[in-house]
Each structure stands twice: as C-alpha cells, then as structure tokens.
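# An overview of the molecular structure
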Amino acid sequence: MTPKEFARFRQINRTLCRYGIDQLLPKRFWPWPLRLLRSMVFWWRNQHKNDSAGARIRMAMEELGPVFIKFGQMMSTRRDLLPPDIADELALLQDQVSPFSGELAKQQIELALERPIDELFDDFDMQPLASASIAQVHTATLKENGQEVVLKVIRPGIEQTILSDIALMQRVAGFFALFFADGRRLRPKEVVEEYRKTIVDELDLAREASNAIQLRRNFTDAKELYVPEVYSDHCRKTLLVMERIYGIPVANIDELTAQNTNMKLLAERGVEVFFTQVFRDSFFHADMHPGNIFVSREHPEDPQYIGIDCGIVGTLNKEDQRYLAENFLAFFNRDYHKVAQLHVDSGWVPADTKVEEFEAAIRTVCEPIFAKPLSEISFGHVLLNLFNTARRFNMEVQPQLVLLQKTLLYIEGLGRQLYPELDLWATAKPFLERWMRKQVGPEAVFTAFKEKAPYWLETLPHLPELVYDNLQLAKQQQLKFQQFTAQYLQQQKQRQRSLILALAAASSLISAALLYPSLPIVSIALAISSGFVGLMSWRQLK
Ligand SMILES: Nc1ncnc2c1ncn2[C@@H]1O[C@H](COP(=O)(O)OP(=O)(O)OP(=O)(O)O)[C@@H](O)[C@H]1O
C-alpha cells in the first residue's frame, strides 16, 4: 500500500467509525487483529448515535464521495443481499458535488480534441448546465452547422480517484470474505467487481456515444422516443458532443400538466418503450432515472420521450428474453408450476431441482402479490421475488437480469407517477403475447425462413456441384471404410492364430518339463518344437 493509499484507507475507516458502521457487526464476530486495531483508535467514536443504521450508512457514503455514493446507489437495488430498511435509505443517496470551473472544463475539452475549442465551437458557455460526480455538461454551438450542442466532459482526476478507491474496496472485500463468517455468503468480491465494471464503463464517454448512436438508430422516426444526435467525430473517451434538447424533465408533472400532456398515453408509452428495447432490440437504456428522461414540448396530445445519458445499457440474449417473457406470462396466469419448470428446462436452476418444492417456494412469495388488483402489481417486485426465490435454489442470476429488474422498477415508478391508474399488465400483456407468437408460432418459422432465404438463394447455383462433391466424398469414405474393415479382420485373425500357437507352445513346454525325468529324449524334442511354435506365434503378431 502506497502512503497515499494508506492515507485514504485511514480516512475511510475514520469516517466509517464516526458513523458507527463498525458497530453494526457485534464485536464477538470480529477476528482478534481487527479488534486490536479498532481499540488502538478508540477516539474515533460514533457521533450519530441517534440515527438509524441505514441513515448512518447513507451519510457515511455521502461523505466518502462519488465512488461510495454510486456504490450505495447500486447496492440499494440488491434487496436480496441487504435488509429492506438499509436498501431504502441507500436509495436516497444524492449525487451532489460542486461544479469545477468552466476554464478547467475548456482545458479538458481542448486536451481531448487536441485543438482550440474555438476552431469547432462558438458560444461555449463557461457556466455549466449541469454538474455530477463523474462529468460536467456545458453548452455551445457547432460551427459546422450552427446546431446547439452540449459538451459532456469527464471531471479531471476523477478516473484516478475512482480506480484507487475501487482497488481499496477490492482489498477490503477480500479481507471481509476471508475473516467474517457471513463474508462469503454476501459475495463481497463479486459485488465490488460488478460495480467496478459499471463505473469504469461510465468513465468512457466514447462508449456512451456509441450506445446513444445505437439507441437512436433503433428508434429512428419512432413517435415514442427521440434520442439526440451524437457528433461522433468530436467525441473522445473524455468528451461527448451531442445535440442540445429542450424537453420538459419527466419529473416536472406540473409543467407537463400545464401543457395538457396526455398523461395516460405518456405513461403507457414508457412501458412500451421499455418492452420494445428489451424484446425487439435486446438493447435497453439501463439508467432510466428521472434526470435522464425528458418529454418533448411538441404535440403534447401525442407525447414523445427524449432519452439522454446512455452510459449504462443492458443486452439480453435470446434465451434470457424467452425466459423473461414466458415467466411473466406464466406468472400472471398464476401457473407457478410452469414458472418452476421453465427454470429447470432452461438450465437456470440445477437439473436435479425438485420442481414441486421450487413451485411451492415461488407460490409462497408470489401469491400474496395477487392479493392486490392486477393494475397495482409491480413487475419489478415480481421479478425481484422470483430472483430471490430462485437464488435459494442455486440460480446464479445474471447481472444483466438484475439491471433489467432495476430498470423495470424505475419505469413502473415513473409510469405510476405520471398516471397513477396505469395498468402495467394491460399494456405489457399484448406486447409479450405478440412477441411470444413471433418466437414460437408459424410466424417464427416464416421469419426464420425469411432470414435464411437469401443465404439459400445464394447457395442454390452451387448445389449440383456440392451434391457431386459430397457423393464423391461419400464414395471415397466408403472405400476407405471397407479397406479399414478388411485390415481389422485380418489383424483379428492373426491375433487369434498367435494365441492358439502360444497356447500350444506353452502346453508343449509344460509336457516337456513333466516328461523329462522318465523320457528325456521325448522331452527335449517337445521343448524344441515348443520353441518353434512360440516363434511362429510371435511372428503372427508382427
Ligand atoms: N443533450 C442534452 N440537452 C440538454 N441538456 C442535457 C443534454 N445532455 C445532458 N443534459 C443536462 O445535463 C444533465 C446531466 O447529464 P447526464 O445525465 O448525461 O450526466 P451524468 O454525469 O451522467 O449525470 P448523472 O450521473 O446524474 O446521470 C442532465 O440531467 C441534463 O439536465
């Protein structure tokens, strides 16, 4: 550990002690070296005795900075690992940091572009439009076409801070897994590793740019969602240049109502956009918090979302998509046996899982959900319950599915905020049923045929040639096979002959030995003939 790392390590520990995080685990569970170290810094006392455990963890994370804040935000969705009161508190974590100067932002942009900002942009605004822990956003006009744009630039020095904090977290996680009885069950190393991947992705704005381009392409001319244009020629790892939008933040219900937005349609479209991303495109925006979603000011009766910040996206493979759709449909038909069987068939839980036991466990956690009217049921919670139950039956839930479940919770929350009577199931069911028909019905066969047809057409002219070649090949192989069989039979015969001769030689030798005292001449003749026969046996094997 370098002196700098040690200083940060010390600062983190002092903060944790001052918020009494060390007291959350009774001392008797601590290994003795840790107890000794703790007693050596006895003056680091809990200064927030009257606050709840969750609040203390939240405050400590806020004080420790962006890496811990984002980590806490991520952990707030892992209700399978944390008690609900702590998860609720962590969900309140605010990413509030003071902006850095416009001059510094300009320097960073010029460093990324390797040229003065004035060569490409007019009216660069020194005052940031927004500032978050990882990046800051400024406005300008693009010289080449007069388009108003935003420039998102990575906070200077943040990458080093994040990487060194993560390295420390990894060390602490390793230590935790080693020394605490519950350490391995909570899988701290895997959790930190999952987090590292997410946050490192957020540091790469070139990646965000390509995600935004892909999402924009998927929704070209769609009336439900608009994704601003990205100017990829000017994007770098630390800089994103994007069309500026003037939508209404989706959380601003008053303004949306004031312009007579069709709130029911808006809420339903949110669900549709999500399901389209997941099932049609297998590419979904996974950071759907209200700060990243706007609503167009145009045609409020036919409202359109505007999505920004594509730093975190999720993808699902065909099996995951099918698993999800079938599970949702089976679940909402209350067919728990099918839900359990689906998990086994798809290999999500081990093949030797007792389906009846699994079914009973799913029923126990999910049936109470149906006590509510269908329109009030939360898809996100359904999934959460399902995953938690499946984990008990050794299902390793993929991070992509956890990401999806988290996004679904956001979408639902948002939809119900916009239109409290939103019936999610009524919006989603036809979508899922249509999708399933496309996957398994005659439509699926037709689609597969349509996809394969160009390839077949291309191959058709070569077909006679291919058939001829294959017939030739088959003929050659048949000949080879016949030769091989004949050789094999020949070898078998030789082995049999050799065995018989060897037996004859052995019995002559034994007889020679037995006859030697009474008939020595006969015995010698037998011994000599045994030698000859043995020689013949050996020659058969060559
Ligand atoms: N294309 C745009 N047009 C107008 N405003 C934008 C645009 N892109 C970003 N902003 C503004 O900048 C804010 C921060 O942008 P963005 O969400 O991309 O940054 P971030 O650092 O990833 O923030 P967070 O961590 O909060 O998601 C947005 O909430 C929005 O107000």
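Residues numbered from 1 in each chain as written. Predicted model: local features only at pLDDT ≥ 70, side-chain atom pairs only at ≥ 80, totals over all residues. Heavy atoms only, no water.

Turning next to the sheet that holds strand E9 (residues 293-295). In spatial order, the strands read E5-E10-E9-E7; together these four strands make up an open sheet with mixed pairing. Each of the sheet's edge strands pairs with one partner strand only, and the pair in question is strand E5 (225-226) and strand E7 (248-249). Here E7 runs beside E9; their pairing, made up of two bridges, is antiparallel. Within E9, the residue paired with Pro249 across the bridge is Phe294. Packing against the sheet, helix H11 (residues 263-281) makes contact with E5, E9 and strand E10 (305-307), and its axis sits at approximately 45 degrees to E10. (Pairing = 2+ DSSP bridges. Helix = DSSP H or I, 4+ residues; strand = E, 2+ residues; numbered from the N terminus. Contact = heavy atoms within 4.5 Å. Axes fitted to C-alpha atoms, helices over the stretch in contact; angles between N-to-C directions.)

What follows concerns the site of the ligand. Taken together, 19 residues surround the ligand, and among them Lys152, Glu243, Ile245, Asn292 and Asp309 come closest. In the environment of the ligand, a nitrogen atom lies 3.0 Å from a nitrogen or oxygen atom belonging to the backbone of Glu243. Here an oxygen atom of the ligand and a side-chain polar atom of Asn292 are 2.9 Å apart. Within the complex, 83% of the 610 Å² of free accessible area of the ligand lies under protein. Secondary-structure elements contributing two or more residues to the shell around the ligand are strand E3 (135-142), strand E4 (148-154) and strand E6 (239-243). (Near = heavy atom within 4 Å. Polar contact = N/O pair within 3.5 Å; in protein donor to acceptor, adjacent residues only side chain to side chain. Areas by Shrake-Rupley, 256 points an atom, 1.4 Å probe, with all protein chains shown as cover.)

With that settled, the discussion passes to the packing of aromatic side chains. Going through the model one piece at a time under the given rule, you end up with nine aromatic pairs. Ring geometry for Phe275 against Phe431: centres 6.0 Å apart, planes inclined by 55 degrees, an arrangement best described as tilted. On the criterion of sequence distance, the pair formed by Phe275 in helix H11 and Phe431 in helix H17 (residues 424-440) is long-range, its members being 156 residues apart. Considered together, Phe275 and Phe431 belong to a single accessibility category, that of buried residues. Put simply, the rings of Phe274, Phe275, Phe279, Phe284, Phe431 and Trp435 touch in pairs and so form one group of aromatic residues. (Phe/Tyr/Trp six-rings, centres within 6.5 Å; stacked < 30°, edge-to-face > 60°. Buried < 20%, exposed > 50% of the residue type's maximum accessible area, 1.4 Å probe, protein only.)

As a further point, take the nonpolar core. The tendency in soluble globular proteins is for nonpolar side chains to be buried side by side. Among the nonpolar cores identified, the biggest contains 111 residues, and Phe275 and Leu324 are the most heavily contacted of them. Element by element, the count of residues in this core is highest for H11, at nine residues. Beyond its immediate chain neighbours, meaning those up to four positions away, Leu324 contacts Val278, Phe279, Leu316, Leu383, Leu401 and Leu404. Of all hydrophobic cores here, the second largest spans 17 residues; its members include Phe121, Val153, Tyr231 and Val241. (Core = buried A, V, L, I, M, F, W, Y, C linked by side-chain atoms within 4.5 Å.)

This paragraph deals with the pattern of salt bridges. Oppositely charged side chains can pair when the atoms bearing their charge come close. Taken as a whole and assessed by the stated rule, the structure comprises 22 salt bridges. In this structure, Arg244 engages Glu148 in a salt bridge whose closest nitrogen and oxygen atoms are separated by 3.8 Å. Of the two residues, Arg244 is situated in the loop between E6 and E7 and Glu148 in strand E4; the sequence distance between them amounts to 96 residues. What makes Arg244 partly exposed here is its relative accessible area of 22%. Glu148 sits in the partly exposed class, given a relative accessible area of 36%. Taking the shortest distance from any N to any O, the salt bridge between Glu326 and Lys338 comes out at 3.8 Å. Here Glu326 is found in helix H12 (residues 318-332), whereas its partner Lys338 is found in helix H13 (residues 336-345), with twelve residues between them in sequence. (Salt bridge = Lys/Arg side-chain N within 4 Å of Asp/Glu carboxyl O.)

Let us look at the UniProt feature "transmembrane region" (unreviewed entry) in the chain. Under the UniProt annotation, the feature "transmembrane region" (unreviewed entry) is placed at residues 521-538. Each end of residues 521-538 is marked by a C-alpha atom, and these two atoms are 26 Å apart; helix forms 100% of the span and strand 0%. (UniProt positions renumbered as here; feature names shortened; annotations may be inferred.)

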